[in-house]
Amino acid sequence: MKIAVLAGDGIGPEIIAEAMKVLQALASDGLKLELEQAPFGGAGYDAHGDPLPEATLRLAKAADAVLCGAVGGPQYDVLPRAQRPEQGILRIRKELGLFANLRPAVLFPELVGASTLKPEIVSGLDVMIIRELTGDIYFGEPRGRRVNARQEREGFDTMLYSEPEIRRIARVGFTTAMKRGRKLCSVDKENVLETSRFWREVVTDVAKDYPQVTLTHMYVDNAAMQLVRAPKQFDVIVTGNMFGDILSDEASMLTGSIGMLPSASLDERSKGLYEPVHGSAPDIVGKNLANPLATILSLAMMLRYTFNQDEAAKRIEDAVKRVLAQGLRTADIQEGGARKVGTAEMGDAVLAEL
Ligand code: IPM
Ligand code: MG
């Protein structure tokens with residue numbers, strides 16, 4: 001199993017260091033792992049003037065899976081768009097064809113008090129958000145700046161989905177729902193957008209191949225509301241790139257902390273890039289405050305989705321659960337009665353439980 005490790009920026013290197021401990025423990029237990037690190041994001045820009053340096057892309061392409069920390073930092077905000085760290089993550093998604101982004105929002109029972117929502121609203125929550133990741137207004141052309149007929153400057157982007165793009169992400173939605181509660185909610189803005197009307201039409205057509213799955217449709221504004229009103233109504237949500245970006249951040253807060261949430265971005269053959277949902281958190285860099293659990297849980301997703309190592313994945317998840325049950329918490333989790341630990345201590349605790 002060849003894994004490219006791209007720590008990135010901000011707290012990226014700190015949380016990746018903890019995930020590496022877990023990987024090394026699995027390796028010494030017999031998993032055949034090959035790990036190689038490369039600069040990415042702002043670190044890629046600093047080293048090679050490019051957020052996705054050629055050598056990094058080559059390594060990622062040659063690997064079976066990619067583990068990412070986080071990218072971005074205020075010092076890079078002044079750069080032209082092509083050199084910004086975010087461009088590195090967008091390009092690697094596109095270059096590797098990682099069209100299916102799986103973002104589970106699962107509430108660990110131990111953290112029910114940490115959610116900003118009432119316990120009865122969120123306890124037992126287990127929603128899978130499937131976000132299309134290589135299309136939509138993120139990548140649609142044309143885009144840019146121009147001067148209109150009234151001599152006013154304007155900025156514009158293009159929201160666009162092709163039928164094959166919708167079909168393949170819808171299939172991921174349906175097959176995921178088949179393995180879970182068999183309910184799929186497709187989120188769009190069909191009452192306003194032509195792209196969404198087409199999206200809904202195609203998803204409805206794909207549904208014919210999955211008669212056991214109950215398909216519903218929901219407008220994105222309503223979905224945003226329902227996620228905080230009654231989130232347990234959802235099993236699997238499938239949606240486009242931008243709506244998925246927004247809803248997955250919202251869903252993360254239901255679980256108490258965005259510092260807990262892993263993600264997988266998969267291509268057609270389940271090669272994947274795995275990363276925490278949270279960002280580079282420049283405000284807490286170097287303070288031993290970052291929560292490494294989202295990254296460690298991303299490893300579990302990697303073992304499950306790319307390497308079909310369900311048992312090893314479960315070992316990691318169980319270790320995390322036991323550490324939470326012991327009362328250990330990093331600073332991002334606001335909850336009384338817990339023992340506050342730093343990034344490295346949390347990683348070591350997971351390791352001990354492994
Ligand atoms: C995410 C992030 C990225 C996105 C940014 C960093 C480009 O917000 O992975 O959700 O918008 O996709
Ligand atoms: Mg986002």
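Higher on the page you've got the structure.
Residues numbered from 1 in each chain as written. Chains lettered and ligands numbered in written order. Predicted model: local features only at pLDDT ≥ 70, side-chain atom pairs only at ≥ 80, totals over all residues. Heavy atoms only, no water.

Asks: It is not clear to me how helix α12 (residues 343–353) should be interpreted in this structure. Could you clarify?
Replies: Within α12 the residues assigned to the buried category are T343, M346, G347, A349 and V350. Angularly, the buried residues of α12 cover 160 degrees about the axis, an arc narrow enough to put them on a single face. Elements in contact with the buried residues of α12: α1 (12–28), α10 (293–305), α11 (310–325) and β13 (328–329). (Buried < 20%, exposed > 50% of the residue type's maximum accessible area, 1.4 Å probe, protein only. Helix = DSSP H or I, 4+ residues; strand = E, 2+ residues; numbered from the N terminus. Arc of directions from axis to C-beta. Contact = heavy atoms within 4.5 Å.)

Asks: Sorry if this is basic, but what is going on with unusual backbone geometry here?
Replies: Most of the time, phi is negative for any residue but glycine, and the peptide bond is trans. P142 follows E141 through a cis peptide bond whose omega is 0 degrees. Checked against the element boundaries, P142 lands in the loop between β5 (126–132) and β6 (144–147). Phi angles above zero are rare outside glycine, and R182 is one such case at about 60 degrees. Positionally, R182 belongs in the loop between α6 (163–178) and β8 (183–188). The partly exposed category is assigned to R182, whose relative accessible area is 37%. The backbone of A281 sits at a positive phi, close to 45 degrees, despite the residue not being glycine. Summarising the element assignment, A281 is placed in the loop between β12 (272–276) and α10.

Asks: What should I look at first to understand the sheet that holds β8 in this one?
Replies: Pairing between sheet strands relies on hydrogen bonds along the backbone, with the strands arranged either parallel or antiparallel. If you trace the 10 strands from one edge of the open sheet to the other, you get β2-β1-β3-β12-β11-β4-β5-β10-β8-β9, paired in mixed fashion. In this open sheet, the two strands that pair with only one neighbour each are β2 (34–37) and β9 (214–219). In this sheet, neighbouring strand axes are inclined to one another by 20 degrees on average, regardless of whether the strands run parallel or antiparallel. Pairing analysis gives five bridges linking strand β1 (residues 2–8) to strand β3 (residues 65–70), with the strands arranged parallel. Looking at the pairing, V5 lines up with L67 of β3. (Pairing = 2+ DSSP bridges. Axes fitted to C-alpha atoms, helices over the stretch in contact; angles between N-to-C directions.)

Asks: It is not clear to me how the side chain of T195 should be interpreted in this structure. Could you clarify?
Replies: Mapping T195 onto the fold places it in helix α7 (residues 194–206). Reaching out from T195, the side chain makes a polar contact with the backbone oxygen of M159 at a distance of 3.4 Å. Setting aside chain neighbours within four positions, we find T195 in contact with M159, L160 and Y161. (Polar contact = N/O pair within 3.5 Å; in protein donor to acceptor, adjacent residues only side chain to side chain.)

Asks: Where do I start with the site of ligand 1 in this structure?
Replies: Taken together, E86, R93, R103, R131, Y138 and D245 form the complete shell of residues around ligand 1. Within the side chain of R131, an N or O atom sits 2.7 Å from an oxygen atom of ligand 1. Residue Y138 places a side-chain N or O atom 2.5 Å away from an oxygen atom belonging to ligand 1. Taken by itself ligand 1 offers 320 Å² of open surface, and the protein chains cover 73% of this. (Near = heavy atom within 4 Å. Areas by Shrake-Rupley, 256 points an atom, 1.4 Å probe, with all protein chains shown as cover.)

Asks: What's the story with the packing of α6 against α7 in this structure? I'm lost.
Replies: Two quantities define a packed helix pair, namely the angle between the helix axes and the distance between the axes. At a closest axis distance of 9 Å, the pairing of α6 and α7 adopts a crossing angle of 50 degrees. Classed by the angle they form, the pair α6 and α7 counts as oblique. Crossing of α6 over α7 shows right-handed handedness. Packed against α6, whose contacting residues are E163, I166, R167, I169, A170, R171 and F174, the element α7 presents F198, W199, V202, V203, D205 and V206 at the interface. (Parallel < 35°, antiparallel > 145°, perpendicular 65-115°, else oblique. Left-handed = near helix turned anticlockwise from the far one by under 90°.)

Asks: What is the right way to look at the packing of aromatic side chains in this model?
Replies: Each pair of aromatic rings is reported with the distance of its centres and the angle of its planes. Inspection of the entire model under this criterion finds three aromatic pairs. On the numbers, 5.2 Å between centres and 50 degrees between planes, the contact of Y161 with W199 is tilted. Of this pair, Y161 sits in the loop between β7 (153–156) and α6 while W199 sits in helix α7, placing them 38 residues apart in sequence. The interplanar angle of 5 degrees and the centroid separation of 4.9 Å between the aromatic rings of F174 and Y210 together place this pair among those described as stacked. Of the two residues, F174 is situated in helix α6 and Y210 in the loop between α7 and β9; the sequence distance between them amounts to 36 residues. When its relative accessible area of 14% is taken as the criterion, Y210 is described as buried. The ring of F139 has K94 sitting right over it, with the charged end atom 4.7 Å from the ring centre. (Phe/Tyr/Trp six-rings, centres within 6.5 Å; stacked < 30°, edge-to-face > 60°. Lys NZ or Arg CZ within 6 Å of the ring centre and 35° of its normal.)

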